[in-house]
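Chains, contacts and geometry: an overview
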Amino acid sequence: MTEDIEITDTLAAVFAHIDNHRDDHLRRVMDYVKHPSISAHDIGIREVAAMLVDHLEGLGFEAEAVPTSGHPMVLGHRNDAPGKPTVLLYGHYDVQPPDPLEAWISPPFEPTIRDGRIYARGIGDNKGQHFAQLLALEAHLKVTGMLPCNVIFLLEGEEEIGSPRIAEFVAAHADRLNADLVVTADGPLHPSGRPIVTFGVRGMAGFELSVKTGRTDAHSGNHGGTMPNALWTLVHLLGTMKDAEGRITIDGLYDPVRPPTNAEHAAAAALPVDIPGYLDDMGLGRLDAPADRPFHDRVMFHPTLTINGIHGGYGGPGTKTVLPAEAVAKCDIRLVPDMTPEQAVDCVRAHVAKHAPEDEVEVIGCGGMLPSRTPLDSPFAPAIIDAVRMARGVEPYLYPSVGGSLPDYAFTKTLGLPAFVTPYANADEANHAPNENLEISLFHHGIRTGAALLDRLGRMSV
């Protein structure tokens, strides 16, 4: 809890400007999201990047679309406030493919308003949220002609395909990303609608287990009992990796795990949770093992091992008495500090070598992302919390971490900067799904929050 911070006359005027331009802001964000920018299909990427450069230049930023070996990064700078903090505002302008199209009530790139929400691909993840940040900058400039702090805007074009080049880009352009903190507007609010401030994310390591026991599938009668079944080999191997009590049993995997601090434990314990409601919403009869683990600890402080899918043999209609010669399991491990994807997959390889028949199972690493964690006592945390309170009028919930993965590590580990996430979208935004949406009121609140953040940082010195 921080002390109440006064809303200055200047910020009040900025808030008034935002309130008076609600209809214009709504029209403009709908115009923005009607332009596809699907990174997986390389559709519209460069066109939308050029739009963003034009927008930033219109706000007085030095801006460009910086080429990479993949999709360009949009980078802009404006330095109005010597001696004040520089905030790096990160987001991504690429979106998920809209499939399946038949599940959309209205076309994904024809933004539509229904029941107080905008429906369009990318409106919540992430175009609507970083556009709110852009409008917050614009509001300050319209009212005062200057920004209260210095701003670097970085918009990525490959976040929806795993941010494969963000770490390389940040390292190569560290001199152009010389900030004091990073703030990302992405993700959903608490299911209650309460705003949150997030201090960390889990990482991820993906891998495949590929089993081959023979040259080809065989007749289960003629060869059953003599030819090893690739699916049974795979199932038995997976069974050695996690027990029924929920413990991951891969030797060495937990060795680098950094325990949460007392403050992080306390923050997680203070978060409200409606477990019966969660079970009902998800159609579940129970939580995953171990049963006695606190709800929020599960997604903040512990690694997980997930079987994403198992493939092999016959899965069509009717019966086919086949003995599979090949099988594949796709898996991921969610990582917590100080795990790395390389360390996790190395532990998997060692485990497979110990528990699987020799030369039958191949471990294929599928990339990953490092975890990230900013301390709760960061000197910039009060400014973030105050900004949310000034814009929303309520105290935000503080999340030491969330369960998903964002490329925050590129900033916290490569640049050594504190990184925060302040989501603006509703919890049921349906990002990555048909009928993605954003509540109009929350879009408006997001602009106010972004404006309050700039104001609050402008009251600090560095």
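Residues numbered from 1 in each chain as written. Predicted model: local features only at pLDDT ≥ 70, side-chain atom pairs only at ≥ 80, totals over all residues. Heavy atoms only, no water.

1. Details of the nonpolar core
Most often, soluble globular proteins keep nonpolar side chains buried together rather than apart. As a reminder of what qualifies: Here the nonpolar core consists of buried residues drawn from Ala, Val, Leu, Ile, Met, Phe, Trp, Tyr and Cys, with membership extended through side-chain atoms lying within 4.5 Å. For each residue, the accessible area found with a 1.4 Å probe, counting protein chains only, is set against the maximum for its type, and the residue is called buried under 20%, exposed over 50%, and partly exposed in between. Residues are treated as being in contact if the distance between any of their heavy atoms lies within 4.5 Å.
In terms of nonpolar packing, the biggest core is built from 64 residues, with V87, Y93, L137, V151 and L457 touching the most fellow members. Other than its neighbours up to four places away in sequence, L457 contacts P85, V87, C149, L181, F380 and A383. In this structure, A230, M241, L253 and V352 belong to the second largest nonpolar core, which totals 28 residues.

2. Description of the pattern of salt bridges
Heads up, the rule is: We define a salt bridge as a contact between a side-chain nitrogen of Lys or Arg and a carboxyl oxygen of Asp or Glu at a distance within 4 Å. By the criteria applied, helices consist of DSSP H or I runs no shorter than four residues and strands consist of E runs no shorter than two, each listed in order from the N terminus.
A complete count under the given rule lists 25 salt bridges for this structure. The partner of D80 in a salt bridge is R78, with the nearest N and O atoms 2.7 Å apart. On the basis of relative accessible area, D80 is assigned to the buried category, the value being 17%. When its relative accessible area of 15% is taken as the criterion, R78 is described as buried. Salt-bridge contacts for K330 lead to E208; the nearest nitrogen and oxygen are separated by 2.3 Å. Residue K330 is found in strand β14 (residues 326-335), and its partner E208 is found in strand β10 (residues 203-212); the two are separated by 122 residues along the sequence. On the accessibility criterion, K330 (36% relative accessible area) is partly exposed. Using a relative accessible area of 17% as the deciding quantity, one classes E208 as buried.

3. Details of the pairing of strand β6 (residues 150-156)
Note the cut-off: Only when DSSP finds a minimum of two bridges between them are two strands counted as paired.
For β6, a buried count of 7 out of 7 residues is recorded, marking the element as mostly surrounded by other parts of the structure. The sheet contact formed by strand β2 (residues 73-78) and β6 spans 5 bridges and is antiparallel. Looking at the pairing, H77 lines up with I152 of β6. In the sheet, strand β3 (residues 86-92) pairs with β6 via 7 bridges, with the strands oriented parallel. Bridge pairing links T86 to N150 in β6.

4. Focus on the sheet that holds strand β15 (residues 361-369)
To keep things clear, this is the line we draw: For helices, the fitted line uses only the C-alpha atoms of the stretch in contact; every axis is such a line through C-alpha atoms, and the angle between N-to-C directions lies from 0 to 180 degrees.
Judged by pairing direction, the sheet is antiparallel, and its 4 strands sit side by side in the order β12-β14-β10-β15 without closing on themselves. Lying at the two open borders of the sheet, with one neighbouring strand each, are β12 (304-312) and β15. For this sheet, the mean angle separating the axes of adjacent strands, direction not counted, is 15°. Relative to β14, β10 runs antiparallel, the two sharing 10 bridges. Paired with L209 across the bridge in β14 is A329. Along the sheet, helix α6 (residues 230-239) makes contact with β10, β12, β14 and β15, crossing β14 at roughly 20°. Along the sheet, helix α10 (residues 341-355) makes contact with β10, β14 and β15, crossing β15 at roughly 165°.

5. Regarding the environment of Y254
Considering the arrangement of structural elements, one finds Y254 in the loop between α6 and α7 (262-270). Spatially, the C-alpha atom of Y254 lies 25 Å from that of E358, the residues being 104 residues apart in sequence.

6. Section: the packing of helix α4 (residues 127-144) against helix α13 (residues 440-457)
What counts is decided by this rule: Throughout this description, any angle smaller than 35 degrees is read as roughly parallel, any larger than 145 degrees as roughly antiparallel, any in the 65 to 115 degree range as roughly perpendicular, and the remainder as oblique. Crossing handedness follows the turn of the near helix against the far one: under a right angle anticlockwise gives a left-handed crossing, and clockwise gives a right-handed one. Gly falls in the polar group here, along with every residue not listed as nonpolar (Ala, Val, Leu, Ile, Met, Phe, Trp, Tyr, Cys, Pro) or charged (Asp, Glu, Lys, Arg).
Packing of α4 against α13 leaves a shortest axis separation of 8 Å and a crossing angle of 50°. Accordingly, the angle class assigned to the pair α4 and α13 is oblique. Crossing handedness for the pair α4 and α13: right-handed. On α13, the residues touching G128, F131, A132, Q133, L135, A136, L137 and H140 of α4 are F443, G446, I447, G450, A451, L454 and D455. In terms of residue class, the contact of α4 with α13 is made up of 9 nonpolar, 5 polar and 1 charged.

7. Brief notes about the sheet that holds strand β5 (residues 117-119)
Pairing in this open sheet of 3 strands is antiparallel, and the strands run β4-β5-β19 from one edge to the other. One side of each edge strand has no neighbouring strand; the edge strands of this open sheet are β4 (112-114) and β19 (437-439). Each neighbouring strand pair of the sheet contributes to a mean axis angle of 30°, computed without reference to strand direction. Pairing of β5 with β19, which is carried by 3 bridges, proceeds in the antiparallel orientation.

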